[in-house]
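Working through the structure, step by step
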Amino acid sequence: MCGIIGVYSLKDKTRNVYPLVVRGLLDLQHRGQLSAGVTSYNPTRNRILQTHKDNGKVHEVFQINHPYKSKKLIGDYSGHAAIGHTRYATSGETGEHLAQPFERVHGRKTKWFSLSFNGNLANYAQLKSGLEEVGYNMTYDSDTEVIMHFLSRELQEHKPWEKPDFWEIFKKLVEPFDGSWSMGFLNADGHMIAVRDPLGLRPLCYGIKDGLLVFASESVVLSNMQIEAQDLPPGHMLWTDGEKFEVRQYFKPTPKYCFFEWIYFAHLASVLEKESTYHVRERIGEELAKEETLSLEDDDWIVVPVPESSYVAGAKYAQVTGKSFVQGLLKNHSVGRTFIDNTNRQYNISLKFTHLKEVLQGKKVILIDDSIVRGTTMKSLVRNLKEWSGVREVHIRIGSPPITSPCFYGIDFPTIRELYAGSVDEPSANDFGADSLRYLSFRGLLDAVNKKEEDLCMACITSKYPTQEGEARWATQKILT
């Protein structure tokens, strides 16, 4: 899962949009904490496209806390158009050389471009192999590099005097792709493009105000710029040359929105496909309360959310059941989201949470969390709640059905063996040292997300994959398991 953004000043060609892109990346930091980068467009300098990127969080990469260095970057990478990216790795290595955007330098401006990518090509191995068979050298183990090579090949077909038809280029480009993608594209001719896959697996929205055109992975970016956001529909593309812009379908849409965006990844202030993330999580809490089977009559019960994506669900659950809502766990914001951190998760979990022992001790805790993926965080939490904070009971309530199957579309759980619910015969509270464990029902999830089942990708809980390669990889994993 990654975050992408693009900003174009259509009216004022002297305006520097670099600071706006960096600000937008700060709003998208939750989508990826491994690396960040920006490519700016400025036709008045010799280096028309210029990219700054590195491993680290957004404030580190762009030296936000260092006034002199930050100011220098603002000047060096000034431009009236720019795209940006914040990354976490769903596959391959994590070195700084894989930070995005990926820039491909070329003598012809139409072929000199930069690319930001959010998603995952499920058939990456086949695409890579096909390129290597016809003489391409693959420098990185990255599906973004594959896309870059395919795109450059499409651009090569246009003669120097021909104006590229980007609608046809991207239509042909994605025909062999299987998976999910939202892409940002910027070339040295001043063309900026945003593309969303036909399934709409990864979110993408856009808006325009006072001559400023912005696209981003989530609406929170535009909201903080006080720009009304519109979803870029699946199978559609946004294009601008700096004078005008157009949104048009380039591929037949077959929506399969990822439900995991609402329950975990998306910013609380974002609206995806006209559904507020805040309201979805509120309804999750309400549905969990409706499905509760415990008798919560005495005053020793408290509702404790796992920070931070479960705060709203926990608060609503407490409101419906009439129990006290207690923020008994505090998150250390200097530690990233352990689910999307590819380093030592167990160590990070020990750093991640502070327990308010004084408000937890002696209580019976309803512990609300959005999901259980690997189960590492939950095991540590329950153990610490009982052994250190001295709670009497821990009852786990999860705001989604069990995650039993891998994701091949950009969320980092690609094998059955690493999934808690996929590796056990039946989920049990005993596995976590808890007193009870209940998941939100399938029906409850649909009601909370407020979407039809056929419009959602729920493969990680149903094992029904929306693409051919997804089905093939699932079949292979079942055999191996």
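Above this text sits the structure in question.
Let me sum up the structure you'll find in this document. Values in this document were obtained by computation on a predicted structure and should not be read as measured data.

All right, on to the side chain of D27 then. Turning to its location among the elements, D27 is positioned in helix 1 (residues 18-27). No salt bridge is formed by the buried D27. Its closest oppositely charged neighbour is R23, at 4.8 Å. There is a polar contact of 3.1 Å between the side chain of D27 and the side chain of N224. If we ignore the near neighbours within four places in the chain, the residues touching D27 are V220, V221, N224 and H267.

In this model, helix 13 (residues 376-387) (12 residues) spans 17 Å end to end at C-alpha, consistent with the 16 Å of a helix rising 1.5 Å per residue. Looking only at helix 13, the buried set comprises T377, M378, S380, L381, V382 and L385.

What follows covers the packing of aromatic side chains. Applying the stated rule across the entire model yields 19 aromatic pairs. The interplanar angle of 40° and the centroid separation of 6.0 Å between the aromatic rings of Y465 and W474 together place this pair among those described as tilted. With respect to burial, Y465 and W474 carry one shared label: buried. By way of ring pairs, the aromatic residues Y88, F259, F260, Y264, F265 and F413 are connected into one cluster. The side chain of R153 reaches across the aromatic face of F150, ending 4.7 Å from its centre.

Spatially, 5-6-7-8-12-13 is the arrangement adopted by the 6 strands of the open sheet, whose pairing is antiparallel. At either margin of the open sheet sits one strand with a lone partner, and together these are strand 5 (102-104) and strand 13 (245-249). Across this sheet, the average inter-strand angle for adjacent strands is 15°, counted without regard to direction. In this fold helix 5 (residues 143-156) packs onto strand 5, strand 6 (113-121) and strand 7 (179-187), with an angle of close to 130° to the strand it touches most, strand 6.

Turning next to the environment of F185. Looking at the element boundaries, F185 is found in strand 7. Counting along the chain gives 103 residues from F185 to A82, while the straight-line C-alpha distance between them is 9.4 Å. Discounting chain neighbours no more than four positions away, the residues touching F185 are I83, F113, S114, L115, L151, F166, F170, H191, M192 and I193.

Here strand 8 (residues 192-196) lies mainly inside the structure; 5 of its 5 residues are buried. By the alternation rule, side chains of strand 8 split into M192, A194 and R196 and I193 and V195, which are all buried. The sheet contact formed by strand 7 and strand 8 spans 5 bridges and is antiparallel. Counted as the bridge partner of S182 is R196 from strand 8. Here strand 7 folds back onto strand 8, and the loop between the two strands holds 4 residues, one of which, G190, carries a positive phi near 85°.

Right, let's talk about the pattern of salt bridges for a bit. For side chains of opposite charge, pairing can occur when their charged atoms come near one another. Summed over the entire model, instances satisfying the criterion amount to 20 salt bridges. The salt bridge partner of D298 is K364, with a shortest N-O separation of 2.7 Å. In this pair, D298 sits in the loop between helix 9 (277-290) and strand 17 (301-305) while K364 sits in strand 21 (residues 364-369), placing the two residues 66 residues apart along the sequence. Bridged by salt links that share partners, the residues R31, R202, E218 and E261 form one connected network.

Attention now moves to the packing of helix 5 against helix 6 (residues 166-174). Packing of helix 5 against helix 6 leaves a shortest axis separation of 10 Å and a crossing angle of 135°. Judged on the interaxial angle alone, helix 6 and helix 5 are oblique. In this structure, the crossing between helix 5 and helix 6 has a hand that is right-handed. The residues of helix 6 that touch helix 5, namely those facing I147, F150, L151, E154 and L155, are F166, I169, F170, K172 and L173.

Here we take up the state of the cysteines. Tallying each qualifying case throughout the model produces 0 disulfides. Not engaged in a disulfide, the cysteine C2 finds its nearest cysteine sulfur in C407; these two sulfurs lie 13 Å apart. Among the residues examined, C2 registers a relative accessible area of 7% and is labelled buried. In this structure C407 comes out as buried when scored by relative accessible area, which is 13%.

With that settled, the discussion passes to the environment of G390. With respect to the element layout, G390 can be found in the loop between helix 13 and strand 22 (393-398). We classify G390 as partly exposed; its relative accessible area is 27%. Separated by 254 residues in sequence, G390 and Y136 have C-alpha atoms that sit 60 Å apart. For G390, the contacting residues outside a window of four places in its chain are Q361, G362 and L385.

What counts as what
- Throughout this description, residue numbers start from 1 for each chain and increase along the sequence as written.
- In view of the model being predicted, local features appear only for residues whose pLDDT reaches at least 70, and side-chain atom pairs are presented and counted only at 80 or more, with totals across whole chains, interfaces and linings using the full set of residues.
- Excluding hydrogens and water, the side-chain values take into account all heavy atoms of the structure.
- In this text, helices come from DSSP runs of H or I with a minimum length of four residues, and strands from runs of E with a minimum of two, each type numbered from the N-terminal end.
- For the exposure calls, accessible area comes from a 1.4 Å probe over protein chains only, and a residue counts as buried if that area is under 20% of its type's maximum, exposed if over 50%, partly exposed in between.
- Charge convention: Lys and Arg are scored as positive, Asp and Glu as negative, and His as well as the terminal groups of each chain are ignored.
- Salt bridges are identified by distance alone: a Lys or Arg side-chain nitrogen within 4 Å of an Asp or Glu carboxyl oxygen.
- Any pair of nitrogen or oxygen atoms within 3.5 Å is treated as a polar contact; in protein, a donor-acceptor pairing is required on top of that, and neighbouring residues in sequence qualify only through side-chain atoms on both sides.
- We call two residues contacting when some pair of their heavy atoms lies within 4.5 Å.
- Here a helix's expected span is defined as the number of its residues, less one, multiplied by 1.5 Å.
- In this analysis, rings of Phe, Tyr and Trp, with Trp reduced to its six-membered ring, are considered paired at centre separations within 6.5 Å, and the interplanar angle assigns stacked below 30 degrees, edge-to-face beyond 60, and tilted for intermediate values.
- For a ring to carry a charge above it, either NZ of a lysine or CZ of an arginine must fall within 6 Å of the ring centroid while also lying within 35 degrees of the normal to the ring plane.
- In this scheme, strands are said to pair when DSSP sees at least two bridges between them.
- Between the N-to-C directions of two axes lies an angle of 0 to 180 degrees, each axis being a line fitted to C-alpha atoms and, for a helix, fitted only over the stretch in contact.
- An angle below 35 degrees is read as roughly parallel, one above 145 as roughly antiparallel, one from 65 to 115 as roughly perpendicular, and any other as oblique.
- Each helix crossing is assigned a hand: it is left-handed if the near helix lies turned anticlockwise from the far helix by less than a right angle, otherwise right-handed if that turn is clockwise.
- Pairs of cysteine sulfur atoms within 2.5 Å are what we label disulfides.

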